[in-house]
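Close look at the chain arrangement
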Amino acid sequence: MTGQVDGDCKTSPLPPNVTSLYEACSAKGVIDGYDVEVRVLKHSEDDPEGIIQFQLSSTKNR
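Since this is a predicted model, take the numbers as computed values, not measurements.

Now for the state of the cysteines. Applying the stated criterion across every chain yields a total of one disulfide. Linked covalently through their sulfurs, C9 and C25 form a disulfide whose S-S length is 1.6 Å. In this pair, C9 is assigned in the loop between β1 (2–7) and β2 (22–31) and C25 in strand β2, connecting sequence segments 16 residues apart. A relative accessible area of 25% places C9 in the partly exposed class.

Further remarks concern the side chain of S12. For S12, the position within the fold is in the loop between β1 and β2. You can call S12 buried: its relative accessible area is 13%. Within the local environment of S12, its side chain forms a polar contact with the backbone oxygen of D8, the two atoms lying 2.6 Å apart. Within the structure, the side chain of S12 is placed 2.5 Å from the backbone oxygen of A24, a separation counted as a polar contact. Setting aside residues no more than four positions away along its own chain, S12 makes contact with G7, Y22, A24 and E45.

On to the pairing of β2. Where β2 meets strand β3 (residues 34–42), nine bridges bridge the pair, whose relative direction is antiparallel. Residue pairing in the sheet places K28 in a bridge with E37 of β3. Linking two consecutive strands that pair antiparallel, namely β2 and β3, is a turn of two residues; a positive phi of about 50° is found at D32 within it.

Conventions used here
- Residues numbered from 1 in each chain as written.
- Predicted model: local features only at pLDDT ≥ 70, side-chain atom pairs only at ≥ 80, totals over all residues.
- Heavy atoms only, no water.
- Disulfide = S-S within 2.5 Å.
- Helix = DSSP H or I, 4+ residues; strand = E, 2+ residues; numbered from the N terminus.
- Buried < 20%, exposed > 50% of the residue type's maximum accessible area, 1.4 Å probe, protein only.
- Polar contact = N/O pair within 3.5 Å; in protein donor to acceptor, adjacent residues only side chain to side chain.
- Contact = heavy atoms within 4.5 Å.
- Pairing = 2+ DSSP bridges.

Read these as geometric descriptors, not functional statements.
Dropping the structure here:
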C-alpha cells in the first residue's frame, strides 16, 4: 500500500472564514488496484464527532 495522510483529526485548526463543515484530516492511497480516499469532516474544532467519507474506485477508471 502507498498512501498520504493530510492533517490531524484532533488538532487541525478551523480554516479562516469557514462557517460549515471543514476537512479535519484525510488519507489517500492505492490498495490492491483501488484508489482509496478517507476524509473526516467536522462542524467545529471542539466537535468530538466527525463525519467520515469513504471513496473507493478502481485504478482502471482513472
